[in-house]
Amino acid sequence: MIHQISADHLTIERIGEIIANGYKLELSDDARKRIKSCREYLDKKIAENNSPIYGVTTGFGSLCNVSIGKDHLAKLQVNLVMSHACGTGDRVPNEIVKIMLLLKIQSLSYGYSGCKVETVERLIYFFNNDIYPVVYMQGSLGASGDLVPLAHLALPMLGLGEAEYKGKILSGAELLRKLRLKPIELGSKEGLALLNGTQNMGAFAVWSLLQAQRLSQWADKIAAMSLDAYCGLVEPFTEAVHLVRPHKGILDTAANIMKLLEGSELVEQAKSYVQDPYSFRCVPQVHGAAKDTIDYVKSVIDIEVNSATDNPTVCPDEDLIISAGNFHGEPIALPMDFLSIAISELANISERRIYKLVSGTRGLPSFLVANPGVNSGFMITQYTAASIVSLNKSLCTPSSVDSIPSSQGQEDHVSMGANSAIKLYKVVLNTERVLAIELFNAAQALDFRRPLKSSPVIEDIYERYRKVVPFIVNDEVMYPYIKRSIDFLRT
């Protein structure tokens, strides 16, 4: 399957489809024309103009006033890539690296960056052949974009750095020899075009949004199972209640829970109580707020992935080359911090439901085991969830409120958006773990309500889940079941 790179709008869902289904990329005729036209324009301006052009005929950052001779312009770009590859810490996962490649290709294809067609084609070759440059998580300020991680992304094209190919880590030089490729020769501005931009932050944001949408759907399903297993009340999900406070996410969540529980025998049982704890009763308000946040962040990232974010911006039609700030990560740093908070709340309320399920109330046995005392049952699963939730709270301190000046003060306000991205990534994974633990508990609790059944939808989830995770009769080693539960949420 082929996806053509063009100026057509690229949606978050389409990116997910391209990555998940192994699409190959190719430049459309229009994209090729745009890239070529911009490069020809830039070459012409360099040849005709003696005025300095930032990053093209000058140094970078605070060295912007140092002019570079025309015979050193290519060397300037190679030096830029090498010197900026200062990453450290954990590797960026291959799936996110692949999104980075796609977003960089898309951004360069608009014809505002001055790259050569051959350079963009090399990025496409890497994407199509599952070549993953080794990129490290730490090092970007989200200032002039993602300089450090994007430098690592570009290194193997020059025969430098490292890349993973067919499961093995190779040096850039080894990789090119193996593939019988020559290092690309960077022209003026090309190194800057490759390194400036928000594709590292953007890739984390796209990945996190795709996971957030999935986890939001699972949160409703798991909450519905927990509610039924706890013999909770469905009246708080009545539409009339939410029409008087009509936030879209709240309305959608309440309607979804009612649909998920339609036909449940447990719902029909008479209850002697008139209220549930907030972790059940306020699912529409909490899950709904998360849904609305996901929608907002998605609208911002949607714009970002369809933008040119390097510097300077080359506009051939307007006869302009302007050094400005399209690389600055602030427009997506704040939303990523916001998304971290929203997703962490799905874990936060989930852990509270877990606590109620193991608390020995509403006719459920203590710690969801038939013989508590000699058996600890699900006692410690709540500990694990609580530990993860606590960690999420510290991760949700916004990175975007910080700024540390760099480059001798020339870059005196930075977004720290890459740190927002890393923390968001961790919060998403943590939230998935907590939801998986809740599912582990909810299915166990549901078994204690037999012979009564939940709704057909919930029973279908239960039956599929029981194929990978059994009912726990006596104490067992639990961590493999938590791992299986996480994997279940990914199927």
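For the structure itself, consult the block above.
Residues numbered from 1 in each chain as written. Predicted model: local features only at pLDDT ≥ 70, side-chain atom pairs only at ≥ 80, totals over all residues. Heavy atoms only, no water.

Draft legend 1. Broad picture of helix α1 (residues 12–20). Of the residues making up α1, those classed as buried are I12, I15, G16, I18 and I19. Along the long axis of α1, the arc covered by the buried residues comes to 160 degrees, so they all point the same way. On the buried face of α1, the contacting elements are β1 (2–5), β2 (24–27), α4 (94–108), α5 (117–128), α9 (199–229) and α14 (283–304). The first or second residue beyond α1 is G22, which carries a positive phi of 65 degrees. (Buried < 20%, exposed > 50% of the residue type's maximum accessible area, 1.4 Å probe, protein only. Helix = DSSP H or I, 4+ residues; strand = E, 2+ residues; numbered from the N terminus. Arc of directions from axis to C-beta. Contact = heavy atoms within 4.5 Å.)

Draft legend 2. Summary view of the packing of α9 against helix α17 (residues 417–447). Relative to each other, α9 and α17 sit at 20 degrees, their axes nearing to 9 Å. Taken together, the axes of α9 and α17 are roughly parallel relative to one another. Crossing handedness for the pair α9 and α17: left-handed. Broken down by class, the residue content of the contact of α9 with α17 amounts to 21 nonpolar, six polar and three charged. (Axes fitted to C-alpha atoms, helices over the stretch in contact; angles between N-to-C directions. Parallel < 35°, antiparallel > 145°, perpendicular 65-115°, else oblique. Left-handed = near helix turned anticlockwise from the far one by under 90°. Nonpolar A, V, L, I, M, F, W, Y, C, P; charged D, E, K, R; others polar.)

Draft legend 3. Representation of the nonpolar core in the model. Ranked by size, the top nonpolar core spans 136 residues in total, and within it I15, M225, I301 and F440 carry the most contacts. No other element matches α17, which puts 18 residues into this core. The residues contacting I15, other than those within four sequence positions of it, are L10, I99, L102, L103, V206 and V305. (Core = buried A, V, L, I, M, F, W, Y, C linked by side-chain atoms within 4.5 Å.)

Draft legend 4. Layout of a nonpolar patch on the surface. A cluster of nonpolar side chains, Y296, F338 and I341, forms an exposed patch at the surface whose accessible area comes to about 270 Å². Topologically, F338 is positioned in helix α15 (residues 330–357). (Patch = residues over 30% accessible without salt bridge, like charges linked within 9 Å, V, L, I, M, F, W, Y side chains within 5 Å. Areas by Shrake-Rupley, 256 points an atom, 1.4 Å probe, with all protein chains shown as cover. Salt bridge = Lys/Arg side-chain N within 4 Å of Asp/Glu carboxyl O.)

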